[in-house]
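Analysis of the macromolecular model
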Amino acid sequence: MSRAVYLCGFMGCGKTTVGRVLADLLGTAYADMDAYIEKSEKISIPQIFSDKGEGYFRDAETRAVEEMGKNGGVIACGGGAMLREKNADLAAKNGVVVYIDTPYDICWERIKDDANRPIVAVNTKESLGELYEKRKALYTAHSAFRADGTGSPSQIAAQIAEFIKK
């Protein structure tokens, strides 16, 4: 498989876990966009947010979408990567965008104590829920396939693999 598969969705929806399983299923490489950005920028995501701001980070995501797509494989995007129309267009040009649609309560349980998520640290459960609702429409609009995120990682990966192989 040479085209990239970009996994998008809210923080905690399962992009990383499902991405690894999906890459194994498809026999291709797996890459994490946030890890790629940290390596490229030589600082952590929270540090990018505090030192350079969210705008700088979002620009770094755009570069990552384009650069990573050239290598193909399964790419777990950051929660905000597919919110920018330009990123969604670049991703669609290099591959396919898949939205992992996981209910907010499940996402919240996974992210609520994660210090490496700057947006979680400065928001309440309620304000993140509002952000989730706003983002949901963009994830849907910017993806070619919506995977049901309520199953196990292998069930979700199997849904995506079936779509990819069509």
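The text that follows walks through the structure, step by step, so that each part is easy to find. (Residues numbered from 1 in each chain as written. Predicted model: local features only at pLDDT ≥ 70, side-chain atom pairs only at ≥ 80, totals over all residues. Heavy atoms only, no water.)

Applying the stated criterion across every chain, the model contains six aromatic pairs. On the numbers, 5.1 Å between centres and 40 degrees between planes, the contact of Phe49 with Phe57 is tilted. With a centroid separation of 5.4 Å and 55 degrees between ring planes, the pair formed by Tyr104 and Tyr132 is classed as tilted. You can see Tyr104 sitting in helix α6 (residues 104-111) and its partner Tyr132 sitting in helix α8 (residues 125-141), a full 28 residues away along the chain. Per residue, the accessibility class of Tyr104 equals that of Tyr132, and both read buried. Aromatic rings pair up to connect Phe10, Tyr104 and Tyr132 into one cluster. (Phe/Tyr/Trp six-rings, centres within 6.5 Å; stacked < 30°, edge-to-face > 60°. Helix = DSSP H or I, 4+ residues; strand = E, 2+ residues; numbered from the N terminus. Buried < 20%, exposed > 50% of the residue type's maximum accessible area, 1.4 Å probe, protein only.)

Structurally, His142 is set in the loop between α8 and β5 (145-148). Not counting residues within four places of it along the chain, the set of residues in contact with His142 comprises Met82, Leu83, Arg84, Glu85, Ala88 and Val97. (Contact = heavy atoms within 4.5 Å.)

The next subject is the state of the cysteines. If you walk through the whole model with that rule in mind, you get zero disulfides. For Cys77, which is in no disulfide, the shortest distance to another cysteine sulfur is to Cys8 and amounts to 6.7 Å. (Disulfide = S-S within 2.5 Å.)

With that settled, the discussion passes to the pattern of salt bridges. Under the counting rule described, the total for this entry stands at nine salt bridges. Salt-bridge contacts for Arg63 lead to Glu41; the nearest nitrogen and oxygen are separated by 3.3 Å. With Arg63 in helix α4 (residues 54-69) and Glu41 in helix α2 (residues 33-41), the pair connects residues that are 22 residues apart, well separated along the chain. A relative accessible area of 38% places Arg63 in the partly exposed class. Salt-bridge contacts for Glu109 lead to Lys112; the nearest nitrogen and oxygen are separated by 3.0 Å. Residue classification places Lys112 among the partly exposed positions, given a relative accessible area of 33%. (Salt bridge = Lys/Arg side-chain N within 4 Å of Asp/Glu carboxyl O.)

We now examine the packing of helix α1 (residues 15-26) against helix α9 (residues 153-165). One can describe the packing of α1 onto α9 by two numbers: an axis separation of 9 Å at closest approach and a directional angle of 50 degrees. Comparing their axes, α9 and α1 come out oblique. By crossing handedness, the relation of α1 to α9 is classed as right-handed. Only Pro153, Ser154, Ile156, Ala157, Ala158, Ile160, Ala161, Ile164 and Lys165 of α9 make contact with α1, whose side of the interface consists of Thr17, Val18, Val21, Leu22, Leu25 and Leu26. Residue composition of the contact of α1 with α9, grouped by class: twelve nonpolar, two polar and one charged. (Axes fitted to C-alpha atoms, helices over the stretch in contact; angles between N-to-C directions. Parallel < 35°, antiparallel > 145°, perpendicular 65-115°, else oblique. Left-handed = near helix turned anticlockwise from the far one by under 90°. Nonpolar A, V, L, I, M, F, W, Y, C, P; charged D, E, K, R; others polar.)

Our focus in this paragraph is the environment of Ile106. You can see Ile106 is positioned in helix α6. Among the residues examined, Ile106 registers a relative accessible area of 32% and is labelled partly exposed. Sequence spacing of Ile106 and Cys13 is 93 residues, and the spatial spacing of their C-alpha atoms is 7.5 Å.

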